[in-house]
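# Structural features, examined
Read off the chains here:
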Amino acid sequence: MSKSAYEKVKTARSNSRPTGKNYVDSIFTDFIEMHGDRSFGDDPAIVGGIASLKGMPVTVIACEKGRDAKERIFRNFGAPNPEGYRKALRLMKQAEKFKRPVICFVDTSGAFCGVGAEERGQGQAIAANLMEMMTLKTPVISIVIGEGGSGGALALAVADRVWMLENSVYSVISPEGCASILWKDAGAAKNAAESLKLTADDALGFNVAERVIEEKNIGKKEFYRDLREDLYQEIERLSLLSEEELLDNRYNRFRRLGERQGE
Amino acid sequence: MGFVNFLHKPKNELEKGGRKYPEVQFDEGESTRECPGCKKSVPLSHIWGSKNCCPKCGHHFRMNSRQRLNMTVDKGSFEEMFSDLQAEDFMEFPGYEAKLKTTGDSCREKEAVICGTAEIKGNKCCVFVMEPYFMMGSMGTVVGEKITRIFEYASEKRLPVVGFTVSGGARMQEGILSLMQMAKTSGAVKRHSDKGLLYIAVLTDPTTGGVTASFAMEADIIMAEPGATIGFAGARVIEQTTRKKLPNGFQKSEFLLEHGFIDRIVPRSEQRETLGKLLGYHSSAGDENE
């Protein structure tokens, strides 16, 4: 029996799920982490660097929520600050320069809501990523592995392909936030989750995602092996496109969402 | 005359340096409104006569998109585009259809942004003005589509874009597709920018959430009205998340200026002048032979 939308939200948030770093360590070899945004600091909520995908150098960027209580605090529960988005963009620009594909693993409840985040321009940091990723001259694949929380997730998902795990969610607002704003009742989150149409299958239906990844073997060796093969093949396919085709396709991929006819 | 001048004496620091108000009559028994800025009661005609600002303290009252347009562009120069596009409740979101009807009826707009071409001090440009009274300027698929189209049109015709933002953020009643409008509009802004064309944004109260995190913060020149709330996360959410008291003036235009995220604070009385001059400086931007 398939899960309800809110059950999927809970599964997506579950502590027992593999986190971003698990994917990085299991899919790639020889990962070398790079730190800092060259401007303010290093955000532990986003892990990035260079790795090998079956011998192909790739730039990897992952949200990391942390595995135990101590690490979760260090990682700010996977909620990035502006310097996290700026680090990600810096590494993407580096990938563009050295013609490496970019692979992002998205798992965040959203960009961090804090005084410092606002002072350092959370909105501007996200906006810059959206704008620059749209014309990044190298293939980009983003995989939503858990929570795809609003603008904070989108800032790592302006990609040529967006894949989502079966129980991952991608939403404009958390069901709790939606319920408290619209119905002044955070308890109505279950209904909000249904109404928001935030599951991977919904995203597929809206053409927001290209593919839903089965979770039958999640965390197991064969799960990562299959994902490694799929990523490699997809990058090979995307590499056949000319730079112009790649960027036109990416632009049109988003251009079509919510497109209207008529004057 | 003397009495009126006395009333209109600028008291706001930002207003120093020759702000002139049109003369307005104060009829006895006229309705008044309490200014949230100086807490004084001000006759409505004085507010209307000062571009919807308080003539005593310069507080900028919220204003609708048509008023703002009339105040900004050359008389009779505005030609509206994409005005037939209308929001649809495609997700059958509870209460959305009724909300669209009531909000549409009350502000007599079909969506939360109006777009078109106009001239500002003789400079031809594309304009978009968001509408605070239509679901607090929230961005759903139609707002995203209209903003995208105006940037695409401006790219094609090689025109600058002047945009006024006011928004509570992405419209949750349209779910994930609302969120995607952030990427879609950003793509259109980027293509316009890559052609060497100018985009000026004027952020007005409030500009928050998904609009701040997309086209509001992507302009070449970002101006803001005095005292406007501009930010990504809502102040209440931040207070609840961090359990800390927020600093004074948090997320106000002046706060953003101090932190380096906007170019200038420009009061309404000076916006037309400033826009006209900036457009003039960039009159050869994006020329094909460059």
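## Observations concerning the pattern of salt bridges
Enumeration over the complete set of coordinates arrives at 39 salt bridges over all chains. Between B:Glu145 and B:Arg149 there is a salt bridge; the shortest N-O distance is 3.0 Å. Residue B:Glu145 and its partner B:Arg149 are located together in helix H5 (residues 141–157), separated by 4 residues, close to a single helical turn. By the burial criterion, B:Glu145 is buried, and B:Arg149 matches it. One salt-bridge network, in which partners are shared between bridges, spans A:Arg13, A:Lys65, A:Asp107, A:Glu147 and A:Glu176.

## Structural notes on the nonpolar core
Across soluble globular proteins, you tend to see nonpolar side chains buried next to one another. Ranked by internal contacts, the top residues of the largest apolar core, which has 116 residues, are A:Leu156, A:Tyr170 and B:Phe128. The element contributing the most residues to this core is helix H6 (residues 175–194) of chain B, with 8 residues. Setting aside chain neighbours within four positions, we find A:Leu156 in contact with A:Ile46, A:Ile61, A:Cys63, A:Tyr85, A:Ala88, A:Met92, A:Cys104, A:Val106, A:Met133 and A:Ser142. In this structure, A:Tyr23, A:Val24, A:Ile27 and A:Phe28 belong to the second largest nonpolar core, which totals 25 residues.

## Some words on the domain arrangement of chain B
All names here are of chain B. For chain B, the assigned domains read domain 1 (1–61) and domain 2 (62–281). One C-alpha centre belongs to domain 1, the other to domain 2; they are set 26 Å apart. Across the contact, 8 residues belong to domain 1 and 12 residues belong to domain 2. Contact between domain 1 and domain 2 buries roughly 940 Å² in total, counting both sides, with carbon and sulfur atoms accounting for 53%. For the pair domain 1 and domain 2, the number of links is 0 salt bridges. Where domain 1 touches domain 2, the interface holds 5 residue pairs in polar contact (both at pLDDT 80 or more). Of the residues assigned to the side of domain 1 that touches domain 2, the class counts are 3 nonpolar, 2 polar and 3 charged.

## Topic: the interface of chain A and chain B
Listed by partner, the interface residues are 49 residues for chain A and 56 residues for chain B. Between chain A and chain B the total buried area reaches about 4400 Å² when both faces are included, carbon and sulfur atoms providing 70% of it. On the chain A side of the contact with chain B, A:Glu118, A:Met131 and A:Arg260 bury the most area, a combined 17% of that side's loss. At the junction of chain A with chain B, the criterion picks out 4 salt bridges. Two residues, A:Arg255 and B:Glu145, come together in a salt bridge whose shortest N-O distance is 3.1 Å. Scanning the region where chain A abuts chain B turns up 16 residue pairs in polar contact (both at pLDDT 80 or more). At the level of elements, helix H5 (115–119), helix H6 (122–134), helix H7 (150–154), strand E7 (169–171), helix H8 (175–182), helix H9 (189–196) and helix H12 (243–255) of chain A are the ones that each hand at least two residues to the side of chain A that touches chain B. Split by residue class, the side of chain A that touches chain B holds 25 nonpolar, 13 polar and 11 charged.

Quick notes on the rules
Residues numbered from 1 in each chain as written. Chains lettered and ligands numbered in written order. Predicted model: local features only at pLDDT ≥ 70, side-chain atom pairs only at ≥ 80, totals over all residues. Heavy atoms only, no water. Salt bridge = Lys/Arg side-chain N within 4 Å of Asp/Glu carboxyl O. Helix = DSSP H or I, 4+ residues; strand = E, 2+ residues; numbered from the N terminus. Buried < 20%, exposed > 50% of the residue type's maximum accessible area, 1.4 Å probe, protein only. Core = buried A, V, L, I, M, F, W, Y, C linked by side-chain atoms within 4.5 Å. Contact = heavy atoms within 4.5 Å. Domains from an automatic or database assignment. Buried area = accessible area lost by both parts, 1.4 Å probe. Polar contact = N/O pair within 3.5 Å; in protein donor to acceptor, adjacent residues only side chain to side chain. Nonpolar A, V, L, I, M, F, W, Y, C, P; charged D, E, K, R; others polar.

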